[in-house]
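Below are the chains, spelled out letter by letter.
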Amino acid sequence: MTNLLIQFSFSFLASAAYAIITNVPRRSLIACGLSGASGWMFYWFAVQLGANAALGSLLGALSVAAVSFICSRKLKLPVTIFNIPGMVPLVPGGLAYQAVRNLVIGNYETAVYSAVQAIMIAGAIALGLVLSEVLNHNIRNFREKRDIVSLIRKKEEK
């Protein structure tokens, strides 16, 4: 239980700190932290259940995008204010560092493996954001069309 709390707290702090560095509005700091913490928790749970890091990153990115969408609606701010800091815990920076380090010291096999892993994780994050944006766009279009149809029906009833 304490490990769960530690994972949540540090991912929240990392996202909120990055949000401070990038000068997001103060009223959105907690939402940015929650966005990053939710993404990290999805990633962490997926990895704990035996999934690979790429699948965990995909799930985490979908979670970040969903929370960002909800927060942008509530606070009436652009989604990117919450997306960018929310992705910070998911970025495979340590893995990319290991790839470059192993390349420099001549351990080419490990360097290639680490680089491929980092690229797969980065691709999964990008895919998660794109899938979420497509889903949100389709939901918005459905709601707009539903509202238009209901207005037309009301006019026809009169």
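What you see is a predicted model, and the numbers here were worked out from it, not measured in a lab. (Residues numbered from 1 in each chain as written. Predicted model: local features only at pLDDT ≥ 70, side-chain atom pairs only at ≥ 80, totals over all residues. Heavy atoms only, no water.)

(A) Region of the structure containing the packing of helix 3 (residues 53–75) against helix 6 (residues 108–157). Packing of helix 3 against helix 6 brings their axes to within 8 Å, and their N-to-C directions diverge by 35°. Crossing geometry of helix 3 relative to helix 6 is assigned as right-handed. Facing Ala53, Ala54, Ser57, Leu58, Ala61, Leu62, Ala65, Ala66, Phe69 and Arg73 of helix 3, the residues of helix 6 in contact are Met120, Ile121, Ala124, Ile125, Leu127, Gly128, Leu129, Leu131, Ser132, Asn136 and Arg140. Its residues assigned to classes, the contact of helix 3 with helix 6 comprises 15 nonpolar, four polar and two charged. (Axes fitted to C-alpha atoms, helices over the stretch in contact; angles between N-to-C directions. Helix = DSSP H or I, 4+ residues; strand = E, 2+ residues; numbered from the N terminus. Left-handed = near helix turned anticlockwise from the far one by under 90°. Contact = heavy atoms within 4.5 Å. Nonpolar A, V, L, I, M, F, W, Y, C, P; charged D, E, K, R; others polar.)

(B) Highlighting a nonpolar patch on the surface. Residues Phe42, Leu55, Leu59, Leu62, Leu127 and Leu131 make up a contiguous nonpolar surface patch of roughly 490 Å² in combined accessible area. Elements supplying a minimum of two residues to the nonpolar patch: helix 3 and helix 6. Among the elements that line the nonpolar patch, the one with the most residues is helix 3, at three residues. Take Phe42: it is sitting in helix 2 (residues 29–48). (Patch = residues over 30% accessible without salt bridge, like charges linked within 9 Å, V, L, I, M, F, W, Y side chains within 5 Å. Areas by Shrake-Rupley, 256 points an atom, 1.4 Å probe, with all protein chains shown as cover. Salt bridge = Lys/Arg side-chain N within 4 Å of Asp/Glu carboxyl O.)

(C) Up close: the UniProt feature "transmembrane region" (unreviewed entry) in the protein chain. Under the present numbering, the feature "transmembrane region" (unreviewed entry) in UniProt falls on residues 43–69, 81–100 and 112–135. Regarding residues 43–69, the helix share stands at 85% and the strand share at 0%, and the terminal C-alpha atoms are separated by 19 Å. (UniProt positions renumbered as here; feature names shortened; annotations may be inferred.)

(D) Region of the structure containing the nonpolar core. Trp40, Met41, Tyr43, Trp44, Ala61, Val64, Met87, Leu90, Ile121 and Ile125 together form the largest nonpolar core, which totals 10 residues. At the level of secondary structure, the elements contributing two or more residues to this core comprise helix 2, helix 3 and helix 6. The element contributing the most residues to this core is helix 2, with four residues. Not counting residues up to four positions away in its chain, the partners in contact with Met87 are Ala61, Val64, Ile125 and Leu129. Grouped together as the second largest cluster of nonpolar side chains are eight residues, Val24, Cys71, Leu77 and Ile81 included. (Core = buried A, V, L, I, M, F, W, Y, C linked by side-chain atoms within 4.5 Å. Buried < 20%, exposed > 50% of the residue type's maximum accessible area, 1.4 Å probe, protein only.)

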